[in-house]
Amino acid sequence: MAKIDFTGRVAVITGAGAGLGRDYAIEMAKRGAKVVVNDLGGARDGVGSSESAANKVVEEIKKAGGEAIPNYDDVSKASGGESLVQSAIEKFGKVDILINNAGILRDKTFIKMEEENWDAVLNVHLKGAYNVTRPAFIHMREKGYGRIVMTSSVSGVMGNFGQANYGAAKMGLAGLTNVLKLEGAKYNITVNVILPSAGTRMTEDVMPKEMFDRLRVEYITPAVLCLCSEQCKETGLYINAYAGYFSRSAVMTGPGVKFDHLPTPEEIMEKWGQVTSLENPKFFSNSTEFMASVL
Ligand code: NAI
C-alpha cells in the first residue's frame, strides 16, 4: 500500500484548535500538508472567543517542521466561511482538503430546548458546514480536485437522548453529503462523513471516565486521513471510528411490499411485517435509483 502523503496539498480544518481537529491538523502536517488551523476559541457552548487555541496548534506544527497558519473566523457566519477559504487561497494558493469539524454542544431535553440553543447548535454544525463548504466547493470545482469530510455523529444517525439540536444538525450533515457527493462527482470532489466517538472536552462530562480514557482522539485520525487522501476515490460514505474500531453505516432500504391497487390503511397494517422488514436490505446511491427500483 502506497504511503498516504499530503505533500503539495492544502487543508482547511475547522475547529482545529483542540480535540479531534487539532490531531487531524498535526498528523496531516506531518505528512506534508499545508494546514489552515481554524478555531474561534470559544467555550464548549460556543460562548466567547480567543486566538490562543489556533495559535498553539500552529506553533506545535511549526516546531515539528510543518507548515500552517492560524485562522480565527467564526464558521457559523457566511462571512466567516468566505474569509477562511479566502485566507487559505491567499496564503497557500488553493484548497484541496476541507474538514468540517468545528462544533459546540448545548444539550437539553426537547421540552427545554429554547430557540436560542436550537439555533446556536445548528448554526455552527450545519450552517457552518454550508458556510465553509460552498466557497471551498466553488474553488475545488475550478481546480478539478477536492476532498471534503463532514463530521456527523451517532447522536444524529442513531439517536441520543437530550441532543435534539445536535442530532438534527448532525443528521443534516449526512443529508448534505448525500447531495454533494452527486454534485461533486464530475469534478473529482469526494464528500464523506466521519462519525467519531472520542474523549474530548465535548464528551468529558457526558461519559464515564473509564470510557473517556479508552476513546483516545488518535483513534479517529487515521480514518479521516484515509478519507482526505488522493487514494480514496469513494464518496458519500459514513465511516464510524472509535477505540480502534472502524466501520461503515448507511441508510439501507428493506424489500417492502408493492400493491397493484390503492391499498386501505388496514391492508397496509396486515402487511406491516413486510413493510418494516429490513431483511436483505438494499443501498441506493440516489433517489432516482430508488424510484426506478419500483416504477
Ligand atoms: P472540541 O470542543 O474539543 O473541538 C471543537 C472545536 O471547534 C473547539 O476548539 C471550538 O473552539 C471550535 N469551534 C466551535 N465553534 C466554532 C466556530 N463557530 N467557528 C470555528 N471554530 C469553532 O470537540 P471535539 O470532540 O474535538 O469535536 C470535533 C467535532 O467532532 C465536532 O463537530 C463534534 O460535534 C464532533 N463529534 C465529536 C464526538 C466526540 O465523541 N468527541 C462524537 C461525535 C461527533
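Here is what the cut-offs are and how they apply
Residues numbered from 1 in each chain as written. Predicted model: local features only at pLDDT ≥ 70, side-chain atom pairs only at ≥ 80, totals over all residues. Heavy atoms only, no water. Helix = DSSP H or I, 4+ residues; strand = E, 2+ residues; numbered from the N terminus. Buried < 20%, exposed > 50% of the residue type's maximum accessible area, 1.4 Å probe, protein only. Near = heavy atom within 4 Å. Polar contact = N/O pair within 3.5 Å; in protein donor to acceptor, adjacent residues only side chain to side chain. Areas by Shrake-Rupley, 256 points an atom, 1.4 Å probe, with all protein chains shown as cover. Nonpolar A, V, L, I, M, F, W, Y, C, P; charged D, E, K, R; others polar. Core = buried A, V, L, I, M, F, W, Y, C linked by side-chain atoms within 4.5 Å. Contact = heavy atoms within 4.5 Å. Pairing = 2+ DSSP bridges. Axes fitted to C-alpha atoms, helices over the stretch in contact; angles between N-to-C directions. Expected span 1.5 Å × (residues − 1). Domains from an automatic or database assignment.

Asks: How should unusual backbone geometry be read in this particular structure?
Replies: Excluding glycine, residues mostly have negative phi values, and the peptide bonds linking residues are mostly trans. The phi dihedral of Ala 243 falls on the positive side, at around 50 degrees, and the residue is not glycine. Checked against the element boundaries, Ala 243 lands in the loop between strand 7 (238-242) and strand 8 (245-249). Its relative accessible area of 35% is what places Ala 243 among the partly exposed residues. Notably, Asn 280 is not glycine yet its phi reads approximately 45 degrees, a positive angle. Turning to its location among the elements, Asn 280 is positioned in the loop between helix 10 (272-276) and strand 10 (282-283).

Asks: For this particular structure, what's the right way to read the site of the ligand?
Replies: Near the ligand you find 31 residues, and of these Asp 39, Asp 74, Asn 101, Tyr 166 and Thr 200 are the closest. Between Asn 101 and the ligand, the recorded distance is 2.8 Å, taken from a backbone N or O atom to an oxygen atom. For the ligand, whose accessible area on its own is 830 Å², the fraction buried by protein is 96%. Looking at the shell around the ligand, the elements with two or more residues in it are helix 1 (19-30), helix 4 (115-143) and helix 6 (164-185). Of the residues assigned to the shell around the ligand, the class counts are 11 nonpolar, 15 polar and 5 charged.

Asks: Is there a simple way to think about the nonpolar core in this case?
Replies: Counting 35 residues, the largest nonpolar core has Met 28, Val 35, Val 37, Ile 99 and Ile 194 as its most contacted members. Among the secondary structure elements, those contributing two or more residues to this core are strand 1 (10-13), helix 1, strand 2 (34-38), helix 2 (52-63), strand 4 (97-100), helix 8 (221-228) and strand 7. The residues contacting Ile 99, other than those within four sequence positions of it, are Val 12, Ile 13, Thr 14, Tyr 24, Met 28, Val 149, Val 224 and Cys 228.

Asks: What am I meant to see in the sheet that holds strand 6 (residues 189-196) here?
Replies: Paired through their backbone hydrogen bonds, the strands of a sheet run either parallel or antiparallel. With mixed pairing, 8 strands are arranged side by side in an open sheet as 3-2-1-4-5-6-7-8. One side of each edge strand has no neighbouring strand; the edge strands of this open sheet are strand 3 (67-71) and strand 8. Looking at each pair of strands side by side, their axes are set apart by 20 degrees on average, direction ignored. Here strand 5 (residues 146-151) pairs with strand 6 via 6 bridges, running parallel.

Asks: Sorry if this is basic, but what is going on with helix 6 here?
Replies: An α-helical segment advances 3.6 residues per turn. Residues three or four places apart therefore align on the same side. Its 22 residues give helix 6 an end-to-end C-alpha distance of 32 Å, which sits within 8% of 32 Å, the value for a rise of 1.5 Å per residue. Among the residues of helix 6, Asn 165, Tyr 166, Gly 167, Ala 169, Lys 170, Leu 173, Ala 174, Thr 177, Leu 180, Lys 181 and Gly 184 are the ones counted as buried. Buried-residue contacts for helix 6 involve helix 4, strand 5, helix 5 (154-157), strand 6, strand 7 and strand 10.

Asks: Teacher, can you tell me more about the domain arrangement of the protein here?
Replies: Interface size is commonly expressed as the accessible surface area that is lost when the partners come together. By domain assignment, the protein separates into domain 1 (10-249) and domain 2 (252-295). The centre of domain 1, based on its C-alpha atoms, is set 35 Å off from the matching centre of domain 2.

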